[in-house]
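Summary of the model geometry
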Protein chains: 2
Amino acid sequence: MQELTLRQQEILLWIRQYMADHGIPPTRLALCAAMGFRSPNAAESHLRALERKGAIELVQGVSRGIRLVEEPKETSGLPLIGKVAAGQPILALAHIESYEPIAPELFRPVAHYLLRVQGESMRNAGILEGDLVAVHHTLIAQNGQIVVARLEDEVTIKRFYRRGERVELHPDNPDYPVIEVNLKKRALHIEGVMVGLIRA
Amino acid sequence: MQELTLRQQEILLWIRQYMADHGIPPTRLALCAAMGFRSPNAAESHLRALERKGAIELVQGVSRGIRLVEEPKETSGLPLIGKVAAGQPILALAHIESYEPIAPELFRPVAHYLLRVQGESMRNAGILEGDLVAVHHTLIAQNGQIVVARLEDEVTIKRFYRRGERVELHPDNPDYPVIEVNLKKRALHIEGVMVGLIRA
DNA sequence: CTAGTAACTGTAATTATATACAGTTACTAG
DNA sequence: CTAGTAACTGTATATAATTACAGTTACTAG
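1. Describing the overall build of chain A
In terms of helices and strands, chain A carries three helices and 11 strands. Start at the N end of chain A and walk to the C end: the helices and strands fall as α-α-α-β-β-β-β-β-β-β-β-β-β-β. By the burial criterion, 44% of the 200 residues in chain A qualify as buried. In chain A, the share of contacts with a sequence separation of at least 24, taken over all contacts with a separation of at least 6, comes to 51%. If you sum the accessible surface of chain A, you get close to 11,200 Å²; carbon and sulfur atoms cover 50% of it.

2. Remarks on the protein's contact with DNA strand C
The full set close to DNA strand C counts 27 residues, and Arg7(A), Ser39(A), Arg28(B), Gly61(B) and Arg64(B) are the nearest of them. Here a base oxygen of DNA strand C sits 3.0 Å away from a polar atom, N or O, in the side chain of Asn41(A). Elements supplying a minimum of two residues to the surface near DNA strand C: helix H1 (6-22) and helix H3 (40-52) of chain A together with helix H3 (40-52) of chain B. Looking at the surface near DNA strand C element by element, the count peaks at six residues for H3(A).

3. Digging into the side chain of Arg150(A)
Residues and elements named next belong to chain A. Tracing the backbone shows Arg-150 in strand S7 (residues 146-151). For Arg-150, a relative accessible area of 7% puts it in the buried group. A polar side-chain atom of Arg-150 sits 2.9 Å from a polar atom in the side chain of Glu-191.

4. Let's talk about the protein's contact with DNA strand D
As a matter of local geometry, DNA strand D sits amid 26 residues, with Arg28(A), Gly61(A), Arg64(A), Arg7(B) and Ser39(B) nearest to it. Near the protein, meaning within 4 Å, the atoms of DNA strand D are sugar or phosphate in a fraction of 71%, with bases accounting for the rest. A distance of 2.7 Å separates a base nitrogen of DNA strand D from a polar atom in the side chain of Ser39(B). When contributions to the surface near DNA strand D are tallied by element, the ones reaching two or more residues are H3 of chain A together with helix H1 (6-22) and H3 of chain B. Of all the elements, H3(B) adds the most residues to the surface near DNA strand D, at six residues.

5. Here's the deal with the nonpolar core
Residues Phe107(A) and Phe107(B) are the most contacted members of the largest nonpolar core, which totals 44 residues. Counting 30 residues, the second-largest nonpolar core is a separate cluster that includes Leu115(A), Ile127(A), Ile81(B) and Ala125(B).

6. Structural notes on empty space enclosed by the protein
Overall, the coordinates contain two cavities of 30 Å³ or more when judged by the stated rule. When its volume is computed, the largest cavity comes out at roughly 40 Å³. Lining the largest cavity are Tyr161(B), Arg162(B), Arg163(B), Arg166(B), Val167(B) and Glu168(B). Elements with a minimum of two residues in the lining of the largest cavity: strand S8 (154-163) and strand S9 (166-170) of chain B. Residue composition of the lining of the largest cavity, grouped by class: two nonpolar, no polar and four charged. When its volume is computed, the second largest cavity comes out at roughly 30 Å³. As for the second largest cavity, its lining consists of Tyr161(A), Arg162(A), Arg163(A), Arg166(A) and Glu168(A). Secondary-structure elements contributing two or more residues to the lining of the second largest cavity are strand S8 (154-163) and strand S9 (166-170) of chain A.

7. As for the environment of Leu47(B)
Residues and elements named next belong to chain B. When you line up the elements, Leu-47 lands in helix H3. On the accessibility criterion, Leu-47 (1% relative accessible area) is buried. For the pair Leu-47 and Leu-12, spaced 35 residues apart in the sequence, the C-alpha separation amounts to 8.9 Å. Excluding residues that lie within four positions of it along the chain, Leu-47 makes contacts with Ile-15, Arg-28, Leu-31, Ile-56, Leu-58 and Ile-66.

8. So, the pairing of S8(A)
Residues and elements named next belong to chain A. In this structure, S7 lies alongside S8, joined through six bridges in antiparallel fashion. If you follow Arg-150 over to S8, its bridge partner there is Val-155. Count of turn residues in the S7/S8 antiparallel hairpin: two residues, of which Glu-152 carries a positive phi of about 45 degrees. Counting the residues between successive antiparallel strands, the hairpin from S8 to S9 contains two residues, one of them, Gly-164, with a positive phi of roughly 60 degrees.

9. Let's talk about the interface of chain B and chain A
Each partner contributes to the interface: chain B provides 29 residues, whereas chain A provides 29 residues. Together, the buried faces of chain B and chain A total about 2,200 Å²; carbon and sulfur atoms form 53% of this surface. For the chain B face of the interface with chain A, the top three residues by lost area are Arg64(B), Leu106(B) and Arg199(B), together amounting to 25%. Summed over the shared surface of chain B and chain A, the result is 13 residue pairs in polar contact (both at pLDDT 80 or more). Secondary-structure elements contributing two or more residues to the side of chain B that touches chain A are H1 and strand S11 (188-199) of chain B. Broken down by element, the side of chain B that touches chain A gets its largest block of residues, six residues, from S11(B). The residue inventory of the side of chain B that touches chain A, partitioned by class, reads 16 nonpolar, seven polar and six charged. Relative to S11(B), strand S11 (residues 188-199) of chain A is paired through three bridges, and the arrangement is antiparallel. Residue Ile198(A) lies in a different strand from S11(B), and its bridge partner there is Ile198(B).

Quick notes on the rules
- Residues numbered from 1 in each chain as written.
- Chains lettered and ligands numbered in written order.
- Predicted model: local features only at pLDDT ≥ 70, side-chain atom pairs only at ≥ 80, totals over all residues.
- Heavy atoms only, no water.
- Helix = DSSP H or I, 4+ residues; strand = E, 2+ residues; numbered from the N terminus.
- Buried < 20%, exposed > 50% of the residue type's maximum accessible area, 1.4 Å probe, protein only.
- Contact = heavy atoms within 4.5 Å.
- Areas by Shrake-Rupley, 256 points an atom, 1.4 Å probe, with all protein chains shown as cover.
- Near = heavy atom within 4 Å.
- Polar contact = N/O pair within 3.5 Å; in protein donor to acceptor, adjacent residues only side chain to side chain.
- Core = buried A, V, L, I, M, F, W, Y, C linked by side-chain atoms within 4.5 Å.
- 1 Å grid on protein atoms, 1.4 Å probe; cavity = no way out; pocket = protein on both sides within 12 Å on 5 of 7 lines; lining within 4 Å.
- Points joined across faces, edges and corners; volume = space filled by probe spheres on them.
- Nonpolar A, V, L, I, M, F, W, Y, C, P; charged D, E, K, R; others polar.
- Pairing = 2+ DSSP bridges.
- Buried area = accessible area lost by both parts, 1.4 Å probe.

Structure below.
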């Protein structure tokens, strides 16, 4: 879609609103009334311009024959991240196993993706192997929060504690060791914080 | 919405399809062409009938002024059950705290409702206080399954074991006691089996 | 300076659409 | 038997809506 002028944006926005309100596209005359045009041709040429730029489609000879051209819409739902390959960003398309029909707003703050839990290291926090952890993508974490961290290409879910340049990643399971990281010596990236959990 | 005749259902279905295909409601003439009517009045009176029965709304004087009346849709979420009052069925309207935007099909078998967990009796199964347990409504449970059971007006989530007329409800937490029930002496109802869990 | 484009006014004509009125046929409940 | 209703045909007409044509004004890039 080509770039729209301000006026054209305004008109496209109004068309969207009209369709949401009425359930049908507007007529040229309705557009005139709304925008203050005194000539139906003003509406017509705006629509033609919007069509030329790919924002809408016009069906000729048909009343209200205006079709919104869908933007490449984000698939509604949350992407489920499977195995994360070394050296690649966690949200890379290649890692997306599927989209789960769960509203991101179900969680506070909103979830950006789901990550499948491997291992029992967070068992005592009620996080079991195979669970899907909802993650809010952020680079900063508070002490005590459960985070998704990447330590030298390995992605792990642990409780986060930081004192200066020393970070401790605590499992919630006495059978697993605490991971100590000196930020100067090893690369540690916070990929997000846990905001929820789904067991299906 | 009143009950529709077969023909009316057929027409309503066609209107839905037309709107999905074209993005706009049909005209009377389009309906005629599709259904084989030779008179536009046939279309008109069908539309009037559909309006009378509450299936659609007609906006008079407006071309394509047909609006679908949305069914009170249940497909778009799961009811969250809060506190369950004594003596009332668990799925009573009065117990529904809210609808959560989660697809029932996310779980296998499908979830019918969510129940908020109280207490820590299932801690070792990764079920914590405040979690939402997704429940499939059924009256039969297998040994070892986690069930929602009603024992003399109290609703509880436990692991189910049955031997003849003796039922044991096991917590997954050594700090809680096993509940033993003799079906002849006390009323026990299975309200459903756990099929998933959500922590928001 | 000039051509091109956005953003309009104003008029008119054609076609698309809704909708009224007058019937017909078949079925169904009282 | 009869009134009511579903499901149509057939005709007619007013109005809703698209769309062509002829202009005007202001801005912008070469």
